[in-house]
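Each chain, written out:
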Amino acid sequence: MVKHVPLRTCVQCNQVRPKRGLVRLVRTPGGEIEIDERGKAPGRGAYLCRNQVCWENALARDRLDYALQCTLRPEDKQRLLAYAQGLPREEARSVEAPSSGPPAGEPVPGKEKGTAATLES
Ligand SMILES: [Zn+2]
């Protein structure tokens, strides 16, 4: 038996995932932005990965405004960001440069000593 798994696309990273791996956001008929955990609320919906990074990026780039065809208010964004804090954080890129920089030790001797330039015009 092969169950049909509903797939949805994240509006931020465009990855197609099983619906359960995403969080639905909905613009209700009343114009409110809601996090729709059950995925059944009426209104225009958009999906984001269960990944903090996607949420942050989506909010930073106004991807949700576009997807939901409305303008998110600052308080909406704050609420969504607060929600995102509870999501796992997966870096989209696996490029992780190990920080092997030189220790920032030596203090630079003051080159410019208080040159109180008196401007004469
Ligand atoms: Zn995503």
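Scroll up to find the structure.
Residues numbered from 1 in each chain as written. Predicted model: local features only at pLDDT ≥ 70, side-chain atom pairs only at ≥ 80, totals over all residues.

Trainee: Please give an account of the sheet that holds strand 4 (residues 33–36) that cites residues and values.
Mentor: Here we have 3 strands laid out as an open sheet, ordered 4-3-5, and antiparallel in their pairing. The sheet is open, and its two borders are formed by strand 4 and strand 5 (44–49), each paired with just one other strand. Within the sheet, the average angular offset between the axes of one strand and its neighbour, ignoring direction, is 30°. With 4 bridges joining them, strand 3 (residues 22–27) and strand 4 adopt antiparallel strand pairing. (Pairing = 2+ DSSP bridges. Helix = DSSP H or I, 4+ residues; strand = E, 2+ residues; numbered from the N terminus. Axes fitted to C-alpha atoms, helices over the stretch in contact; angles between N-to-C directions.)

Trainee: Tell me what's going on with helix 1 (residues 52–60), and back it up with residues and numbers.
Mentor: Turning to helix 1, its buried residues are C54, W55, A58 and L59. Around the axis of helix 1, the buried residues are gathered within 125° of arc, so they sit on the same side. On the buried face of helix 1, the contacting elements are strand 5, helix 2 (63–68) and helix 3 (74–84). A positive phi of about 55° marks D62, the residue just after helix 1. (Buried ≥ 20, exposed ≤ 12 C-beta atoms within 10 Å, placed from the backbone. Arc of directions from axis to C-beta. Contact = placed C-beta atoms within 7 Å.)

Trainee: Quick rundown of helix 3? Include the residues and the values.
Mentor: D76, L80 and A84 are the residues of helix 3 that are buried. What you see down the axis of helix 3 is that its buried residues fit within an arc of 75°, all on one side. For helix 3, the exposed residues set more than 90 degrees away from the buried face come down to P74, E75, Q78 and A82. The secondary structure elements touched by the buried residues of helix 3 are strand 4 and helix 1.

Read these as spatial facts, not as claims about activity.
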